[in-house]
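Inside the fold
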Protein chains: 2
Amino acid sequence: EDVGARFEAYGWHVQHVDDGNDLAAIEAACEAAQQETSRPSLIVLRTVIGNPAPNKEGTAEAHGSPLGADEVRLTKQILGWDPDSKFLVPEEALTDCRHAIERGAALEAAWHDLRTRYTEAYPEAAAEFDAWLEGKLPDGWTNALPSFPIDKPIATRQASEKVLNALAPLMPNLIGGSADLAGSTGTQIKGAKNFEPEEVGRNFHWGVREHGMTAALNGMAAHGGVRPYGSTFLVFSDYAKPSLRLAAIQSLPIVFIGTHDSIGLGEDGPTHQPIEQMAMLRAMPNLMLMRPADAAETVEAWHAILEHKTGPVVLVLTRQKLPVFDRSRYAAAEGARRGAYILSEPEGGPQAILIATGSEVQVALAAADLLMKEGIRARVVSMPCWELFEQQPEAYRDQVLPPEITARVSIEAAATFGWRRWVGDAGAILGIDHFGASAPAARLFKEFQFTPEHAAELVRQVLEGAKS
Amino acid sequence: EDVGARFEAYGWHVQHVDDGNDLAAIEAACEAAQQETSRPSLIVLRTVIGNPAPNKEGTAEAHGSPLGADEVRLTKQILGWDPDSKFLVPEEALTDCRHAIERGAALEAAWHDLRTRYTEAYPEAAAEFDAWLEGKLPDGWTNALPSFPIDKPIATRQASEKVLNALAPLMPNLIGGSADLAGSTGTQIKGAKNFEPEEVGRNFHWGVREHGMTAALNGMAAHGGVRPYGSTFLVFSDYAKPSLRLAAIQSLPIVFIGTHDSIGLGEDGPTHQPIEQMAMLRAMPNLMLMRPADAAETVEAWHAILEHKTGPVVLVLTRQKLPVFDRSRYAAAEGARRGAYILSEPEGGPQAILIATGSEVQVALAAADLLMKEGIRARVVSMPCWELFEQQPEAYRDQVLPPEITARVSIEAAATFGWRRWVGDAGAILGIDHFGASAPAARLFKEFQFTPEHAAELVRQVLEGAKS
C-alpha cells in the first residue's frame, strides 16, 4: 500500500522525507506542516528498523525483543561510543536536554505573559476560557434542562436532542456530531454552523468512520476546554471499541451516543440490532454506560454525564417512542443519577423485584401491575447505569436491592451476559442471546417475549422456586 | 475523500463509471474487472440517491424512510408507469427475470458437466475437492496431533503452532496467517509458500489490518472448501469485532487466534493487555471462545475447533510459557472438548471448587495443593470454553459443578464480568477490573494477586461465608 497516496486521497497534506536520519530535512518538513493550516499533515519518514545494529538492522528481530549484549556492543562501536559502557547518554544529547529546561521555562513565561495580557484585555472571555479548562459547568445550567409532558410519548434519542439543544446556548464548548447519522441520532445543534475547512462551527460531520470520530473525540478531550460528543447507532460502537478503550485508559471524558439501541429499531434487522454491545461496553474498565428509561431519565443521564469527568460515557438511546412516566405516580427521575433506584413500590412492601433498563422499564411496570392484580407485590427498579450504582454506598444498594429479596427478574432486550450478578442464583434473566430479526419493533418485542405477561410469569416462577 | 484514489493507493484496479444508470458502461467495467486477475477491482459508480423521485432525489430523506404515497405516484409518472398501481413489476424486468431461470439452469448444467468430466479425469483430486466442500476432515487426522512432554514448559501459542504444523500436511485446505504478527502468534506453516500476487501459497500476511483480515476469513469461509484462520494479539480482537460479528451472524466457521492473552504478556503494558476482550467475545451469540490451560488442552482445543462448523471460534493463547500438566496425576485433557472438566479431585470429595481458565489453571492447582495441606478439599475445574460447557447435558454440568457445592472461586486474569454465573451468590471471583501495567509477567501476576496464596484465601473466605 502507498501510505502517502492514501492520505492524499483523504485530503491530507503529505510530505516525504526519504532519509529518516536527515534532521535538517525533518525540521524543514515540520515547519512546512506548521505553515499548512487548512489540512492535517502527514510526514512519511523512511528509516531502517534497528539501524545501525550490524546483524539485526532491517529485520523483525530488532522490533519485538532486546538486541542482546553482543549486538549492543557492536552497535555502540559503530556509533563511536564506549562499547563497555553500561548506561550511556552521549554528551551531545545530554547538553541539548539540559538546555530544554531553560527553553521550556522561557516558553512557559511567554505563555503566562500572553495569558495575563489577554485577561486584562478581555476579562470575560478569559474567565470563560479558564472555566472551560477547569471543566466548570456554567452557573444555572441545570435550570436550562427541559422537562417533558407525560401525555406525549417520545424516543429517548429525541429527548436527548432537546437536552443538547437546551444546553447549547449556555455551553458553547459542548461540541460534537455524528458518524453520518446526525438526523437519526439527534445530535445537531439547531441554528449552529458546521465544522468545515472554511468555517469553524460546532456541528461535526465525521462521515461513516466511527473509529476516526471517537479518536477525534479523544484528541479534543485530551486538549481540554471542550466537552466533545459523538454519535452513531449503538451497534456500530463495535467499530469504535478500540478508541473507546483508549478514552477509558486515558480517563478522557468523551460522550459517545449510541441510538437505535435494541431490536426496537425494527426493520433494519440483525446487522443493525445490538445484542452483545452493552455487555461489551459494561465489561470495560472506567467506562460508564447509561440507558435511560424515558425522557425524564434522559435529562438526568445528561446531568450525570456532564458531572462525570474521569472517563468516557456511552449514552444508550431508543429509536422508538417511549412513554414519559407519570412521576406523581412513580419516583422522581433524579434517582437515575445514582445508577439504579426504586421506581415503583407496591403497597405492603415487595415480595419480588423487577429490574429493567431503557425501553424495558415500561414492560417491568406493566408486569408489576399485572402481578398486583393477583396479589403479588413486585418492586420495579430502573437501572440506567450499573457503574454509578456500584459506586453508591452499600446501604443504598441494599435498600434498592435488599439481599433478602432473592426473587428477582431482570428485563433488558440485550444479551443476558453479566446480569446474573444482579438477579442472583434464585433470579431469572429476560434477555436475548441470539441475533435479532427484521420486523416492526412491536412484533419483535412480542416474538422475543419482552412482554408484561412473560415477565410476570417469570416472577411467578422465581417466587415458586424461592418457596421450594 | 477521493475513494478511487484511496483504493488505487491500496494497489487495487479502479474504474469509474460517471453515470450509474449507463448499463452498457457498467457491463463494460464488469468485464474489464473480470479480465484483471492479479488485483481486486473497484468500480466507482456515480448515482443520485432516490432518482427520479422529484422532491426527494439527492436528499437524505430518500435514504432512511419510505418515499410516501404522493412521492411514489409522482415518481411512477416520471418513469411512465401507472401511478395507481399498487404493486408493479415492469414487463421488461419481469421478462428478464423469467429468462434467468433458463439461463441459470444452463449454467448449472454446464457446471455439473465440468464436475463430471473433472471427476473422471482426476478421481483423487475430485474426491478431495468434494470432501473439502462437504467440510470432511481427512482420515486419521487425530493421529497426527502432537503430544507434549511434561518436563518442558511451553506457551500455548507455541503448542498451537506445533498442532497447526502437524495438521498442515494432511489438510492442504487449512490456510491462514496473521495481521503482521506471524512470528509472535505461531501461525506460519513451515516450508509453505506465502500467498502473494505471483504465488498462491498458504501463508497469508494481511498487514496491520485485523478488520480486513477477519473480513477476508469470512469471505474464504463463505466460499467454502477451505478452513481459514487468522491471528493477532487478543487485545486487537477489538478491531476485528465487527467482522467477527458478521461471521457469527452468518454461521461462518472461521478460526481467530488471539495470543498474548492477558497481563501475562508483560512489558508491552495496558494498551496491549486484554482485560474485557473475553467478556466481549463470550457475550456474542454463536461465537465460541477457547482458552486452553496447557499444551495438551491446546491440542484438544484444535480438535474441538476443527469439528465445529457452525460459527467462528476465538482461540485464546498465552505469550508466556506454561507447565504441561502431568496427566497421570490429573484428568485427561480430552475433557477440554466438553468445555469444562474436573482436572483435579481431592480425596474424600470436594468442599469447594476452584474454576479457572488458561494460564490461571496452574494457579488453581497450586491453591488446591496449599489448601489440602490444611485439610481443605478443593476440586479444580478447568473451563476452557463456556459455550461448549453450556451445550453439555445437565447431568454432566451438575457433575462438574454440583449445585450443592456453593463454595466456588473463579480465577481468570481478565474482567470479572460474567463470572457470577459460574460461582453463584456465595462464590468469589478472582479477576482484574482495571487496566494492566507494564512489568514482567511474574511481577504482574503477583501485584494483581493471581497467586495460589490469594486464591486459597478466597476459598477459605467463601467456606467461612457458607458456614455463617
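The following refers to the structure shown. No experiment lies behind these values; they were computed from the predicted model shown.

This part is about the sheet that holds strand β11 (residues 313-316) of chain B. Residues and elements named next belong to chain B. In space, the six strands of this open sheet follow the order β7-β4-β8-β9-β11-β10, with parallel pairing throughout. Of all strands in the sheet, those bounded by a partner on one side alone are β7 (203-205) and β10 (288-290). Averaged over all pairs of adjacent strands, the angle between strand axes in this sheet comes to 20°, irrespective of strand direction. Both strand β9 (residues 255-259) and β11 contribute to a ladder of four bridges, which runs parallel. Note on β11: the bridge partner recorded for Gly258 is Val316. Contacting β4 (174-178), β8 (227-233), β9, β10 and β11, helix α12 (residues 295-307) runs over the sheet at an angle of about 170° to β11.

Right, let's get into the packing of helix α10 (residues 237-249) of chain A against helix α10 (residues 237-249) of chain B. At a minimum axis distance of 7 Å, the contact between α10(A) and α10(B) shows a crossing angle of 165°. The angle between α10(A) and α10(B) places the two elements in the roughly antiparallel class. Judged by the sense of rotation from one axis to the other, the crossing of α10(A) with α10(B) is right-handed. Here Asp238(A), Tyr239(A), Lys241(A), Pro242(A) and Arg245(A) of α10(A) lie close against α10(B), whose contacting residues are Asp238(B), Tyr239(B), Lys241(B), Pro242(B) and Arg245(B).

Further remarks concern the relation of the copies chain A and chain B. Copies of the same chain, two in number, are related to each other by a rotation about an axis and a translation along it. Taken as rigid bodies, chain A and chain B are interconverted by a rotation of 180° and an axial shift of 0.0 Å, the fit giving an RMSD of 0.1 Å. Those values place the two copies in the arrangement expected of a two-fold rotation axis. Of the residues that chain A buries at the interface, 98% are likewise interface residues in chain B, meaning the two copies contact each other through the same surface.

Within this structure, the stated rule accounts for 50 salt bridges over all chains. With a closest N to O distance of 2.8 Å, Arg282(A) and Glu412(A) form a salt bridge. Taken as a pair, Arg282(A) in helix α11 (residues 277-282) and Glu412(A) in the loop between β16 (408-411) and α16 (420-423) lie far apart in primary sequence, 130 residues in all. The residues Arg282(A) and Glu412(A) share a single accessibility class, namely buried. Residue Glu447(A) pairs with Arg443(A) through a salt bridge whose shortest N-O separation is 3.3 Å. You can see Glu447(A) and its partner Arg443(A) sitting in helix α17 (residues 441-447), four residues apart, about one turn around the helix. One connected set of salt bridges, linked through shared partners, spans Asp238(A), Glu276(A), Lys241(B) and Arg245(B).

Note that soluble globular proteins tend to have their nonpolar side chains buried in a common cluster. Counting residues in hydrophobic clusters, the biggest one holds 168 residues, and the most contacted among them are Leu354(A), Ile411(A), Leu354(B) and Ile411(B). Among all residues touching Ile411(A), those that are not within four sequence positions of it are Leu354(A), Ile355(A), Ala356(A), Thr357(A), Glu360(A), Val363(A), Ala364(A), Leu430(A), Phe450(A) and Ala455(A).

Let us look at α10(A). Residue and element names in this part refer to chain A. In this model α10 runs 17 Å from its N-terminal to its C-terminal C-alpha over 13 residues, within 8% of the 18 Å that 1.5 Å per residue would give. Of all the bends in α10, the largest measures some 40° and sits at Ser243. Every buried residue of α10 is accounted for by Ser237, Asp238, Ala240, Lys241, Pro242, Ser243, Leu244, Arg245, Ala247 and Ala248. Residue Ser251 follows α10 closely and has a positive phi angle near 55°.

Okay, the interface of chain A and chain B next. With 42 residues of chain A at the contact, the number on the chain B side is 41 residues. Summed over both sides, the interface of chain A with chain B buries roughly 3400 Å², with 68% coming from carbon and sulfur. Contact with chain B buries area across many residues of chain A, yet Arg245(A), Phe417(A) and Phe435(A) alone supply 22% of it, more than any other trio. Put simply, Lys241(A) and Glu276(B) hold a salt bridge, and the shortest N to O gap is 2.7 Å. For the interface between chain A and chain B, the tally reads 15 residue pairs in polar contact (both at pLDDT 80 or more). Among the secondary structure elements, those contributing two or more residues to the side of chain A that touches chain B are α1 (3-9), α10, α11 and α16 of chain A. For the side of chain A that touches chain B, a count of residues per class yields 21 nonpolar, eight polar and 13 charged.

Reading the values: rules and limits
- Residues numbered from 1 in each chain as written.
- Chains lettered and ligands numbered in written order.
- Predicted model: local features only at pLDDT ≥ 70, side-chain atom pairs only at ≥ 80, totals over all residues.
- Heavy atoms only, no water.
- Pairing = 2+ DSSP bridges.
- Helix = DSSP H or I, 4+ residues; strand = E, 2+ residues; numbered from the N terminus.
- Axes fitted to C-alpha atoms, helices over the stretch in contact; angles between N-to-C directions.
- Contact = heavy atoms within 4.5 Å.
- Parallel < 35°, antiparallel > 145°, perpendicular 65-115°, else oblique.
- Left-handed = near helix turned anticlockwise from the far one by under 90°.
- Least-squares fit on C-alpha atoms with pLDDT ≥ 70 in both.
- Salt bridge = Lys/Arg side-chain N within 4 Å of Asp/Glu carboxyl O.
- Buried < 20%, exposed > 50% of the residue type's maximum accessible area, 1.4 Å probe, protein only.
- Core = buried A, V, L, I, M, F, W, Y, C linked by side-chain atoms within 4.5 Å.
- Expected span 1.5 Å × (residues − 1).
- Bend = angle between axes of the 7 residues up to and from the residue.
- Buried area = accessible area lost by both parts, 1.4 Å probe.
- Polar contact = N/O pair within 3.5 Å; in protein donor to acceptor, adjacent residues only side chain to side chain.
- Nonpolar A, V, L, I, M, F, W, Y, C, P; charged D, E, K, R; others polar.

Any link to function would need more than the numbers given here.
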